[in-house]
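The lines below spell out each chain.
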Amino acid sequence: MSNIISPVDSLQLLVDEQIAALPLTDFPMLNRLQKKTISQQFIKWTVDVGGASATGESVTTDITTFSEELYVPAFLPIAGARVSSSFQLSIQDIAQAKSAGKGALRDLFASDVDSALRTIMQKLSTNIYVGDGTNAAGGIVGLQTAGAAAGVYANIDPTTYPLWVSYVNTNASLRALTSDLLYTTDVAITRKGGRYTAIYCSPELAVKYKQLFAAQLNITTQLPAGQADLGYTGLSFSGRPIIQDINCPNNVLYFVDESEISLYTYNHETSQNRGGIQVGIDLLTGHNNPNMRKYGVFTMPQLQLKNRPKAVAVLDKITQ
């Protein structure tokens with residue numbers, strides 16, 4: 001365990017400890033997503049938007065028409081906004097802790113650093129779903145926007161490139177969850193040439209799913225003591241886990257291919273990699289109270305759906 005001997009120089013060691021102790025399982029999608037670091041201010045990649053075609057013809061016919069796949073550049077901004085949390089301590093408390101002996105200063109900072117990290121992870125976990133790319137969302141373009149059936153994403157407009165949209169099954173009003181809706185979405189994903197590795201939803205919708213299939217199957221548990229079926233060892237649909245996430249918006253299920261989605265964080269000069277996420281902490285200057293020391297903990301994130309049509313499908317307007 002690290003001992004804080006300098007409030008500024010050693011706080012990153014404490015961040016290390018607190019992130020290691022922070023159970024990311026409390027943030028299911030954040031925990032499961034690929035995490036990558038970048039030092040550029042744009043995430044750039046190339047997207048295949050179709051265009052090639054084939055035809056049947058006689059072997060005596062001259063070939064006069066040619067086609068090829070069209071590749072266009074995609075990019076997302078990063079490092080223009082951040083997710084941050086700050087705290088302050090009096091210089092008297094800091095001085096008293098330093099003189100109290102080994103570990104006292106570390107203990108003084110620990111609860112504030114832990115609270116800041118939890119707040120940041122909570123904000124990240126929420127905006128992975130609902131982030132709209134604004135500063136208030138930490139710049140994150142979340143699944144709600146990226147996984148839409150229309151609208152520009154990563155600087156590619158689906159009105160120009162119609163393949164660049166996700167499948168969205170929605171309705172004018174809320175409707176009950178049914179097996180038909182689930183299988184319709186499953187088939188639509190297959191028709192797009194995609195797949196999904198998990199389904200994310202609110203805890204209430206997970207219960208609706210459990211009730212739906214318990215009623216349909218009328219399951220009778222006949223397993224040894226300590227074992228059970230539906231809901232106790234985990235929900236699944238077509239062999240994929242259904243993951244309940246308190247950060248997931250209400251009334252929607254996200255069918256995601258986690259191999260197509262990455263959470264990037266920017267490699268700032270004062271940040272270090274903590275569990276795959278670049279996190280920085282620094283002393284804030286320029287404040288008006290000379291008796292207080294203020295510290296900021298921050299990360300600069302962005303969510304990338306590398307192949308928008310295949311990364312996510314949405315089953316929306318479901319009663320919970």
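Residues numbered from 1 in each chain as written. Predicted model: local features only at pLDDT ≥ 70, side-chain atom pairs only at ≥ 80, totals over all residues. Heavy atoms only, no water.

A. Up close: the overall build of the protein chain. Along its length, the protein chain carries eight helices and 15 strands. Of all intrachain contacts in the protein chain linking residues separated by at least 6 positions in sequence, the fraction that spans at least 24 positions is 77%. Roughly 16,400 Å² of accessible area belongs to the protein chain as shown, and the carbon and sulfur atoms make up 49% of that amount. (Helix = DSSP H or I, 4+ residues; strand = E, 2+ residues; numbered from the N terminus. Contact = heavy atoms within 4.5 Å. Areas by Shrake-Rupley, 256 points an atom, 1.4 Å probe, with all protein chains shown as cover.)

B. Region of interest: empty space enclosed by the protein. Enumeration over the complete set of coordinates arrives at one cavity of 30 Å³ or more. Estimated volume of the largest cavity: approximately 60 Å³. Every residue lining the largest cavity is listed: Tyr167, Ile189, Lys192, Gly194, Arg195, Tyr196, Phe255, Pro309, Lys310, Ala311, Val312 and Ala313. Sorting elements by how many residues they give to the lining of the largest cavity places helix H8 (residues 308-311) first, with three residues. By residue class, the composition of the lining of the largest cavity is eight nonpolar, one polar and three charged. (1 Å grid on protein atoms, 1.4 Å probe; cavity = no way out; pocket = protein on both sides within 12 Å on 5 of 7 lines; lining within 4 Å. Points joined across faces, edges and corners; volume = space filled by probe spheres on them. Nonpolar A, V, L, I, M, F, W, Y, C, P; charged D, E, K, R; others polar.)

C. Here's a closer look at the layout of surface pockets. Of the voids in this model, the largest pocket is the one considered here, and its volume is about 280 Å³. Lining the largest pocket are 17 residues; nearest its centre among them are Asp48, Leu163, Asn307, Pro309 and Lys310. Looking at the lining of the largest pocket, the elements that each hand over two or more residues are strand E2 (42-48) and H8. For the lining of the largest pocket, the element with the highest residue contribution is E2, accounting for four residues. Among the residues forming the lining of the largest pocket, the class breakdown is eight nonpolar, four polar and five charged. Estimates place the volume of the second largest pocket at around 200 Å³. When contributions to the lining of the second largest pocket are tallied by element, the ones reaching two or more residues are strand E3 (71-77) and strand E14 (301-305). The dominant element in the lining of the second largest pocket, judged by the number of residues it contributes, is E3, at three residues. Here the lining of the second largest pocket is built from residues that sort into 11 nonpolar, eight polar and no charged.

D. Seen up close, unusual backbone geometry. With a phi angle near 50°, serine 238 is a residue other than glycine that sits in the positive phi range. According to the relative accessible area criterion, serine 238 is partly exposed, its value standing at 36%. One non-glycine residue with positive phi stands out, namely asparagine 251, at about 70°. Relative to the helices and strands, asparagine 251 is located in the loop between strand E8 (240-244) and strand E9 (252-256). (Buried < 20%, exposed > 50% of the residue type's maximum accessible area, 1.4 Å probe, protein only.)

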